[in-house]
Amino acid sequence: RYSALRRQGYDEDSKTELQILDYTQQQHRIFPMIAASYCFFFTGKKRLGSIERRLVSHGTVTKAEVSDIHASSSSLKSFTTTVAADGIEDCRKACGGHGFLQCSGLAELYTTYLQNPTVEGDNHMLPQQVVKVLLKVVQSVQTQEDLSIYDNCDSRYLIPSLKAIIYGASAQRCSAQSEADMLEIPVLVTAFQHRAARLLVEVAQQLQSLMMKGKSMSQAWNESLIQMAKVSSSYSLLIVLKNMQEGINDETNSGTLGKNESQVMEDMLRLFALYWMEKQSGDFLEDGYLQSKHVGWIRSNVLKLLSVIRPNAVALVDARDFSDFQLKSALGRYDGDVYPAIMEAARRDPLNQTEPGPGYEPHLRRLIKDGVGVYTGTASRL
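Residues numbered from 1 in each chain as written. Predicted model: local features only at pLDDT ≥ 70, side-chain atom pairs only at ≥ 80, totals over all residues. Heavy atoms only, no water.

Observations regarding the packing of helix H3 (residues 63-94) against helix H9 (residues 225-253)
- Contact geometry of H3 with H9 gives a least axis separation of 8 Å together with a crossing angle of 100 degrees. By the angle between their directions, the pair H3 and H9 is classed as roughly perpendicular. Residues Asp68, Ser72, Ser75, Leu76 and Phe79 of H3 touch H9, and the partners they reach there are Ser232, Ser233, Tyr235, Ser236, Leu237, Ile239 and Val240.
- Residues of the contact of H3 with H9, tallied by class, amount to six nonpolar, five polar and one charged. (Axes fitted to C-alpha atoms, helices over the stretch in contact; angles between N-to-C directions. Helix = DSSP H or I, 4+ residues; strand = E, 2+ residues; numbered from the N terminus. Parallel < 35°, antiparallel > 145°, perpendicular 65-115°, else oblique. Contact = heavy atoms within 4.5 Å. Nonpolar A, V, L, I, M, F, W, Y, C, P; charged D, E, K, R; others polar.)

Overview of the nonpolar core
- Within the largest apolar cluster, 83 residues are counted, with the highest numbers of intra-cluster contacts made by Met265 and Phe272.
- When residues in this core are grouped by element, the largest group, 15 residues, is from helix H7 (residues 185-212).
- Not counting the four nearest positions on each side in its chain, Met265 is found in contact with Tyr38, Phe42, Met244, Ile248, Leu257 and Leu316.
- Within the second largest apolar cluster, 11 residues are counted, among which are Leu331, Val338, Ala341 and Ala345. (Core = buried A, V, L, I, M, F, W, Y, C linked by side-chain atoms within 4.5 Å. Buried < 20%, exposed > 50% of the residue type's maximum accessible area, 1.4 Å probe, protein only.)

Focus: the packing of aromatic side chains
- Applying the stated criterion across every chain, the model contains seven aromatic pairs.
- Ring geometry for Phe41 versus Phe42: centroids 5.6 Å apart, planes at 80 degrees, classification edge-to-face.
- Looking at Phe42, the relative accessible area reads 7%, which means it is buried.
- Measuring from ring centre to ring centre gives 5.9 Å for Tyr275 and Trp276, while their planes differ by 90 degrees; the resulting arrangement is edge-to-face. Trp276 shares its class with Tyr275; the two are buried.
- Among the aromatic residues, those joined into a ring-pair cluster are Phe40, Phe79, Phe272, Tyr275 and Trp276. (Phe/Tyr/Trp six-rings, centres within 6.5 Å; stacked < 30°, edge-to-face > 60°.)

Quick notes on the pattern of salt bridges
- What the rule picks out here adds up to 21 salt bridges.
- The residue Asp287 makes a salt bridge to Arg198 at a minimum N-O spacing of 3.5 Å. With Asp287 in the loop between helix H11 (281-285) and helix H12 (292-309) and Arg198 in helix H7, the pair connects residues that are 89 residues apart, well separated along the chain.
- Each member of the salt-bridge network shares a partner with another, and the members are Arg198, Glu202, Glu286 and Asp287. (Salt bridge = Lys/Arg side-chain N within 4 Å of Asp/Glu carboxyl O.)

Description of the packing of H9 against helix H10 (residues 259-279)
- Packing of H9 against H10 brings their axes to within 10 Å, and their N-to-C directions diverge by 170 degrees. Here H10 runs roughly antiparallel to H9, going by the angle between their axes. Across the interface between the two elements, Leu237, Val240, Leu241, Met244, Gln245, Ile248 and Thr252 from H9 touch Ser262, Met265, Glu266, Met268, Leu269, Phe272, Ala273 and Trp276 from H10.
- Its residues assigned to classes, the contact of H9 with H10 shows 11 nonpolar, three polar and one charged.

Digging into the side chain of Asn123
- Assignment of secondary structure puts Asn123 in the loop between helix H4 (106-113) and helix H5 (126-142).
- A distance of 2.9 Å separates the side chain of Asn123 from the side chain of Lys77, its partner in a polar contact.
- Setting aside residues up to four positions removed in sequence, Asn123 forms contacts with Lys77, Ser78, Thr81, Thr82, Asn116 and Pro117. (Polar contact = N/O pair within 3.5 Å; in protein donor to acceptor, adjacent residues only side chain to side chain.)

With respect to the pairing of strand S1 (residues 7-10)
- Sheet topology places S1 next to strand S2 (residues 17-19); two bridges connect them, and they run antiparallel. Looking at S2, one finds that Arg7 is bridged to Gln19.
- In this antiparallel pair of consecutive strands, S1 and S2, the connection spans six residues, and Ser14 shows a positive phi of 60 degrees. (Pairing = 2+ DSSP bridges.)

As for H12
- Taking 1.5 Å of rise per residue, 18 residues should cover 26 Å, and H12 covers 26 Å from first to last C-alpha, within 8% of that figure.
- For H12, the complete set of buried residues consists of His294, Val295, Trp297, Ile298, Asn301, Val302, Leu305, Leu306 and Ile309.
- In this structure, the buried residues of H12 make contact with helix H2 (24-56), H10, H11 and helix H13 (313-318). (Expected span 1.5 Å × (residues − 1).)

A look at a nonpolar patch on the surface
- There is a patch of nonpolar side chains on the surface, built from Ile51, Leu55 and Val56 and spanning about 260 Å² of accessible area.
- Looking at where Ile51 falls in the secondary structure, it is placed in helix H2.
- When its relative accessible area of 36% is taken as the criterion, Ile51 is described as partly exposed. (Patch = residues over 30% accessible without salt bridge, like charges linked within 9 Å, V, L, I, M, F, W, Y side chains within 5 Å. Areas by Shrake-Rupley, 256 points an atom, 1.4 Å probe, with all protein chains shown as cover.)

Examining unusual backbone geometry
- Residue Pro356 is reached from Glu355 by a cis peptide bond, and omega for that bond is -5 degrees.
- Relative to the assigned elements, Pro356 resides in the loop between helix H15 (338-348) and helix H16 (360-370).
- A positive phi angle, close to 60 degrees, is found at Ser14, a residue other than glycine.
- Following the sequence through the fold, Ser14 ends up in the loop between S1 and S2.
- A relative accessible area of 56% places Ser14 in the exposed class.
- The backbone phi angle of Asp321 is positive, close to 60 degrees, even though this residue is not glycine.

Here's what the structure looks like:
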């Protein structure tokens, strides 16, 4: 909202001031976070429904399903809280100097939320829990066990790619043949499926290789921790994309979302997927799944989606229906009356209740009126 109100720079006529939201640089900073918020919303809704269906309805729950819930929730907690914490800080920076004000609401929001990457499971420790569960899936595929036990698990998304990697005669490649193909949601989801499965198989191979060289399991595990973090992140991205894709289909089929709303949500999904593909393109290029031309198409499509989403950007934020009372922000207020709100917040500040402000008489007056004195040097305490 603030980016739509703030104007800076001029159009070609040298008269019309431009909204900073119309700069692609600002859009690239903000729109992927809006997309992430919707992807996380659909994922949260899917998680809650899944847990209620399995655990609260007193139905039969298998050991594989319990382990899968633990792996999925651990990976999602690690990924989403990191993205949210970093995103709040990015939003503050995107608001310029005003984002640093207490009245922006961002300072309180950031310091309040910042605990979440640490509490309820540290984000750097949780990936180990995720990989412990997923390695069993790899083992099941390798030994050709009955895979139907994963039919109600999120890890089922990995099985087709795991089979192709472990038993495939030829390496998997992206099916996109044009720039337009890179906007197809199934193409994007398949790419994240392949990436997550490949990284998981590499961790399994790395552990086996290190132990064959004489290292203990704990030593091999320790040397694989960095790769495990990548597996957890890639797995959570896959879950988020699949949940968003399925959520849009479910809400459309039920009539909750109309045709236009579904199209906007699909654009959110495309932007989220392409943004992270561009950001982590090395993972997709490493084994040749993507070629350099695909990365060019991804980058071009991100720019296209920014312009497509721009007309709906403010409405997409307002649709979350956070009240001014909840936001406590002069910058994000619903009526858009930002600058008078900033001035009013400054007037209410305790530091501005007296003239001159507190601290002047005991400290500043002596320096200003009497001078700072003669510098005599200081003795080092080291």
